[in-house]
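Summary of the model geometry
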Amino acid sequence: MIPYTVNIKLAARTLTGTVNLQNKTAVDWGWQGLIAQGCHSSILIIDPKTAQTIQVLERHKANVVKVKWSRENYHHSLSSPYSLRLASADAAGKIIVWDVVSGMAHCEIQEHSKPIQDMDWLWNQDASRDLLLAVHPPNYIVLWNGDTGTKLWKKSYAENILSFSFDPFDPSNLALLTSEGIVFITDFSPSKAPGSGGKKVYIASPHSSPAHSKPAAVQPTGAKKALNKVKVLITNEKPTAEAVTLNDCLQLSYLPSKRNHMLLLYPREILILDLELSQTVGVVAIERSGVPFIQVIPCAQRDVLYCLHENGCITLRVCRSTTPLAEETAADPEQSVQELVYDLRSQCDAIRVTKTVRPYRAVVCPVNENRAALVVSDGRVMLWELKAHISKASANFSSGLSPLYSPINFCGIPLNRSQKRIPDLSLNTMIGHTLISGVDPPWPAAGQQEVQLKFLLTGLLSGLPLPPFSLRMCPPLTTKNINHYQPLLAVGTSNGSVLVYNLTSGLLHKELSVHSCEVRGIEWVSLTSFLSFATSAPNNMGLVRNELQHVDLRTGRCFAFRGERGNDEPAIEMIKVSHLKQYLVVVFRDKPLELWDVRTGTLLREMAKNFPTVTALEWSPSHNLKSLKKKQMAAREAMARQTTLSDAEQSSVESSVISLLQDAESKAEMSQGISAREHFVFTDTDGQVYHITVEGNTVKDGARIPPDGSMGSIACIAWKGDTLVLGDVDGNLNFWDLKARLSRGIPTHRGWVKKIRFAPGKGNQKLLVMYTDGAEVWDTKEVQMVSSIRVGRNVSYRILDIDWCTSDKVVLASDDGCVRVLEMAMKSASYRMDEQDLTDPVWCPYLLLPRAALTLKAFLLLQPWSGTFTMDISQVDIKSVLQDPELSLLQRCLLVSRLFGDESDLQFWTVAAHYLQSFSQARQLSVPTPDGQPQTEGSQSTPQSHLDICHDLLCESSFFQRFQLERVHLQEVKRSSYEHTKKCADQLLLLGQTDRAVQLLLETSADNPSYYCDSLKACLVTTIPSSGPSQSTIKLVATNMIASGKLAEGVQLLCLIDKAADACRYLQTYGEWNRAAWLAKVRLNPAEASDVLKRWAEHLCSPQVNQKSKAILVLLSLGCFHKVGEMLHSMRHFDRAALFIEACLKYGVMELIGAAFADYARILRSIGLREGAALWASRAGGAGKELLEELFQGDGGGSDHTPAEEEAEANLGTTE
């Protein structure tokens, strides 16, 4: 058996090297599980699990400055399949949307010709999945349809826009970071451009604050002082001139883990802002000796920040829980909540930063948020994974940090004793949520383990070093070496090492440190060994140190081929190995050439001092040794005939010389024994052609051909079969046909011919020519050009070296640090991913055909027809968990949506799993209530499992309320102006904290214009509880206020008299839907709140809002499971509907909706899972009867089957 199959057709590919400064921000990790990274004008697609480059996209002409994967926040089906879609933008203002699998561009977008500053896909994909927002310099934002390339709208702003950030909780909010401050847009919509110019706020520089004081734990006083200074950070007035110049804000991002929070990044601090107050509520500062930040990535699953520092170190900071430890509260009850603190929990190793090597960007996996990738300027990509270790309890006390605990839940549901789990599946399965005082107990629950986090380097991709390169492909594939052939390309680099790449996989096969200076040339002497030479810089006499090394790839053994020679002599110009790999010629600059025997490593001849200076040299292509003996007799006869004929036509010198050459060639064929006779030709400075024969250790001088007058100084020679080609320094090519004895000169007008090489393969007469400004492929049979590539015309890079890698593919090294394998037409093109040979299998459902991906998903989700789960996936840990009979349906759905990187599935199943758990628990605890009735608060499940705050309004009311109280308390500590105090008092009134609100109202100073008003308000608030009749008056006043446009004030008054339900209704009437939902969560009893939220869900479903997916999540949180099932079915999300109804039936919280099961069965039948279809149809009751009959009729004839279905079924190998 052949150890590995040989792929004779190599895929076109690009080996990339160092990254350009403009590519710094061009990297993105998508929900699809792949990383896209810009490298000069190409885009690499990297699979982080196996650390392989699986695609290189080439179409941009300028450097790529941004790449963004499209979001997967929609329901996937055959009509909207899993597909890899990527948008990339370059420095010339062009945006390309790619279909990554085929390497084709969907559409190209061009507005201006300046570099795109920022772009992103809209995350809310209910209405359309194709919308892409881009910042076109200096001050335009444009919304594009990324599928068709049409412009939907364009809007300009007063200042230059640097970047933007979408609010992850509300698709209509957008923040722009401009050169002067921040612009908040609250009316963002796909249908029309924002009407207003947005709300501008200015950032005063934080450098005025001594935030570099000691860390808070040691000196609370210093930190408090620092924070008092930072309070005045965000102002609505334009700051003074010197403050503006200091605005070095590096980044602005909304926090995806809690609503209305934003972070601003400065080199030495991260500020966390609460946007309701426009107030800093937390600072992460670096002490003076610390390493400054470059970038920060906030996470959604937990309140965690990944920070990248200038030394390439990634640090992980976790928000400190507010549940005080028992001993702390005793000491200082006031100290409970002062600010948000992010504790450093883990950091990875730094890299060695030099002038050319510095960290550029980090990205974090959006699905699991426990893996990070760092892009370094030298082209390396380092893949770090976060691991949780169970730690000993005493370990943490010394550091002064409160311990982190692992959650009990796995995929949303508490683990059973015997159940298998995947360790470190995602961030929220590694560390529990931030605890909040009042809801969570300050001590860990049973089964929670204390964990410590560590970074582990799990993958490293390295690129080529800096150019220049010299290339040489190993000897070509033949029928003899086909069983062990590897297409290896040797790349000599400027630092003296030789990199050997396997071109089948595109991976580095070996890196050998061979020389101490730049490698000038490489020649292979067998399939597994090569000679390479390097020359040091010349000394004052023009002499250098020559290094000629023989390297054996299998062992890595490397020795100096010329022994002790090499010090203080003229530089080696070139080395040439004969066709049978027997002899080697070494040509020097000002010294006669040397002839060596490669097999014995001995010097055969050092030419005499009067030997002519060599400008170009080539060995004659002798025939293979095997055929020498066979052709002996034929060659003798042919030679006899040839000489008698040629005597008659001695007319021109040239023809006689050609006959001599032929003579020599046929003699070489006759030679007996192991040492075949070979010969080479070379030219001297006058253009005279010499011919020399080597046999064993004898060297014979042959004939000389006088120079051709039309040619300049000959720069290179190539010889194959009966064709000899000469190229000169003026760009002329001279084709000699040795059989027909013709010579033909062609001027190419492209300057110096640097190198010419014939393509491998019998009878393949293609020729590759390299010039200073590009390259050409010629057909020497027809003597015409096949293809051409020229700097500035069709490519932006300069070519440094060329070679053939197969009979129809060329390889070019270019000055942008890349090595490209191209078709003969030399058009740089992306390759199709499915044509590639990867060394490691890649798990990415997006690479499959749409139908196959959905079949795989259905197959993983449910195999209830067989009772057991069978799987053939190479990932062992996930495989064993998916086969685990203990894994419940909900956990399986969650796990598969993680595996598929399906954003909308993941959100749906997370919320569904949580509320199905809690409502079914409540049901067991209390008397069963009719469906849809709200539960009493007391019967809510254990406090340990509430949804994390990143789900915002979907969380339990009790938890949401506590969170809002904490937040107001924090705002209160931080407030610095009357404005802030007023906002805090308003919030406290809405939350029902009247005593605290009164205190704040009474703080208003007497010279404030609203002093009188605030004092009266304080009196009103304190007297309300005592009198009954005042309520009707207040209600009347409130209604009038709302009618006259003072909505907020009217709502406050209604909340004072406990008419919050009316307040919510008014808010909803006036379109303040989010505010109404917030108020309902914090003030109303469950029944009233449920009414308000149901109205909100209806509003979300309306065609002008079109956020049905959000509505479904809201209904889930209310326990309206039947309605959710019906909605999913009406939206044609049949697979999700059927699985959800199945889960509800298991928990006993809902009756069957048969139609959904029947429709799911139809889908399964269409993708070839017939047993599954039969099972679901049989469970659908009446609705599935018809389908069942069809299925069983079909079983007889198999008429409704396509071959694909048969194949899918065969592959699934279901067990009965």
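The name that an unreviewed UniProt entry assigns to the chain is WD repeat-containing protein 11, with the source organism given as Pygocentrus nattereri.

What follows covers the overall build of the chain. The helix and strand inventory of the chain stands at 27 helices and 60 strands. Burial statistics for the chain: of 1216 residues in total, 56% are counted as buried. When contacts within the chain are restricted to residue pairs at least 6 apart in sequence, long-range pairs at least 24 apart make up 56% of them. Split by element, the accessible area of the chain, about 50500 Å² in all, is 53% carbon and sulfur.

Where helix α13 (residues 978-991) meets helix α19 (residues 1073-1083), the closest approach of the two axes is 9 Å, and the angle between their N-to-C directions is 55°. Judged by the inter-axis angle, α13 sits oblique to α19. Where α13 approaches α19, its residues Gln 987, Leu 989, Leu 990 and Leu 991 are matched on the opposing element by Arg 1075, Trp 1078, Leu 1079, Val 1082 and Arg 1083. Grouping the constituent residues of the contact of α13 with α19 by class yields six nonpolar, one polar and two charged.

This part covers the sheet that holds strand β39 (residues 529-535). Strand order in the open sheet made by the four strands is β38-β39-β40-β41, with antiparallel pairing throughout. The open sheet has two edge strands with one neighbour each: β38 (519-524) and β41 (558-560). Pairwise comparison of adjacent strand axes, ignoring direction, gives a mean angle of 25° for this sheet. The pairing of strand β40 (residues 546-552) with β41 spans three bridges and is classified as antiparallel. Note on β41: the bridge partner recorded for Gln 549 is Ala 560.

Here we come to helix α23 (residues 1134-1147). For an α-helix, the turn length of 3.6 residues means that residues three or four places apart are oriented alike. Taking 1.5 Å of rise per residue, 14 residues should cover 20 Å, and α23 covers 20 Å from first to last C-alpha, within 8% of that figure. The element α23 is largely enclosed, with a buried count of eleven among its 14 residues. Where α23 is concerned, the buried positions are Phe 1134, Asp 1135, Arg 1136, Ala 1137, Ala 1138, Leu 1139, Phe 1140, Ile 1141, Glu 1142, Ala 1143 and Cys 1144. In the segment just after α23, Gly 1148 is the residue with positive phi, at about 65°.

On to the side chain of Ser 470, then. Secondary-structure assignment places Ser 470 in strand β34 (residues 470-473). We classify Ser 470 as buried; its relative accessible area is 7%. With near-sequence residues (within four places) excluded, Ser 470 lies in contact with Ala 490, Val 491, Gly 492, Val 519, Arg 520, Gly 521, Ile 522 and Asp 801.

Our focus in this paragraph is the nonpolar core. Grouped together as the largest cluster of nonpolar side chains are 149 residues, with contacts concentrated most on Ile 45, Leu 86, Leu 1079, Phe 1121 and Phe 1140. Considering each element in turn, this core owes the most residues, nine residues, to helix α11 (residues 903-925). Contacts of Leu 86, omitting those with residues within four sequence positions, involve Ala 36, Ile 43, Ile 45, Leu 57, Val 67, Lys 68, Trp 69, Ile 96, Val 97, Trp 98, Val 100 and Trp 121. With 31 residues, the next largest nonpolar core counts Leu 464, Val 500, Trp 524 and Ala 813 among its residues.

Let us now look at the pairing of strand β56 (residues 774-779). With six of six residues buried, β56 lies mostly within the body of the structure. What you see with β56 is no split at all: Gly 774, Glu 776 and Trp 778 on one side and Ala 775, Val 777 and Asp 779 on the other are buried throughout. For strand β55 (residues 766-771) and β56, the ladder comprises six bridges, and the chain directions are antiparallel. Bridged to Val 769 within β56 is Glu 776. Both β56 and strand β57 (residues 784-790) contribute to a ladder of six bridges, which runs antiparallel. Opposite Val 777, over in β57, you have Ser 787 as the bridge partner. Remark: four residues form the turn of the hairpin made by β56 and β57, two consecutive strands paired antiparallel; Val 783 in that turn has positive phi of roughly 50°.

The peptide bond linking Pro 137 to Pro 138 adopts the cis configuration, its omega dihedral lying at -5°. Along the chain, Pro 138 falls in the loop between β11 (131-136) and β12 (140-145). Cis geometry marks the peptide bond from Pro 467 to Pro 468, where omega comes out at 5°. In this structure, Pro 468 sits in the loop between β33 (450-461) and β34. Here His 40, not a glycine, exhibits a phi torsion of approximately 55°, which is positive. The exposure class of His 40 is buried, given its relative accessible area of 12%. A positive phi is found at Glu 369, a non-glycine position, where the angle reads about 55°. Inspection of the secondary structure assignment puts Glu 369 in the loop between β27 (359-364) and β28 (371-376). Accessibility expressed as a relative area gives 7% for Glu 369, which makes it buried.

This paragraph deals with the sheet that holds strand β6 (residues 64-69). The sheet built from four strands is open, its strands ordered β6-β7-β8-β9 with antiparallel pairing. The sheet is open, and its two edges are formed by β6 and β9 (104-110), each paired on a single side. Averaged over all pairs of adjacent strands, the angle between their axes in this sheet comes to 20°, without regard to strand direction.

Turning to the pattern of salt bridges, a few remarks are in order. Per the counting criterion, the structure on display carries 52 salt bridges. A salt bridge links Lys 755 to Asp 801, with the nearest nitrogen and oxygen atoms 2.7 Å apart. Linking Lys 755 in strand β54 (residues 753-758) with Asp 801 in strand β58 (residues 799-806), this pair joins segments that are 46 residues apart in sequence. On the basis of relative accessibility, which here comes to 23%, the residue Lys 755 falls in the partly exposed class. A salt bridge links Lys 857 to Asp 905; its shortest N-O distance comes to 2.7 Å. Of this pair, Lys 857 sits in helix α8 (residues 850-861) while Asp 905 is found in helix α11, placing the two residues 48 residues apart along the sequence. Both residues of the pair, Lys 857 and Asp 905, count as buried. In the salt-bridge network here, residues are joined through shared partners; they are Arg 562, Arg 565, Glu 569, Lys 591, Glu 594 and Glu 606.

Cut-offs and rules
Residue numbers here run from 1 along each chain, matching the order of that chain's written sequence. Whole-chain, interface and lining totals are the exception, using all residues; otherwise, since this is a predicted model, local features are given only for residues with pLDDT of at least 70 and side-chain atom pairs are given and counted only at 80 or more. Side-chain metrics rest on all non-hydrogen atoms present in the structure, leaving aside hydrogens and water. Elements are defined by DSSP. Helices are runs of H or I of four residues or more, strands are runs of E of two residues or more, and each kind is numbered from the N terminus. Partly exposed describes any residue whose relative accessible area lies between the buried limit of under 20% and the exposed limit of over 50%, with all areas from a 1.4 Å probe on protein chains only and scaled to the type maximum. Residues count as neighbours in contact if any of their non-hydrogen atoms are within 4.5 Å of one another. Per-residue and other accessible areas were derived by the Shrake-Rupley procedure at a 1.4 Å probe size, with only the shown protein chains allowed to occlude residues. Each axis is a line fitted through C-alpha atoms, and for a helix only the stretch in contact is used; angles between axes span 0 to 180 degrees, taken between their N-to-C directions. When describing relative orientation, an angle under 35 degrees is termed roughly parallel and one over 145 degrees roughly antiparallel, while 65 to 115 degrees is termed roughly perpendicular and anything else oblique. Residues are grouped as follows: Ala, Val, Leu, Ile, Met, Phe, Trp, Tyr, Cys and Pro are nonpolar; Asp, Glu, Lys and Arg are charged; every other residue, Gly included, is polar. Strand pairing follows a simple DSSP-based rule, namely that at least 2 bridges must link the two strands. Expected span of a helix: the number of residues minus one, times 1.5 Å. For our purposes a nonpolar core is just a set of buried Ala, Val, Leu, Ile, Met, Phe, Trp, Tyr and Cys residues, chained together by side-chain atoms within 4.5 Å. Think of a salt bridge as a Lys or Arg side-chain nitrogen and an Asp or Glu carboxyl oxygen that are within 4 Å of each other.

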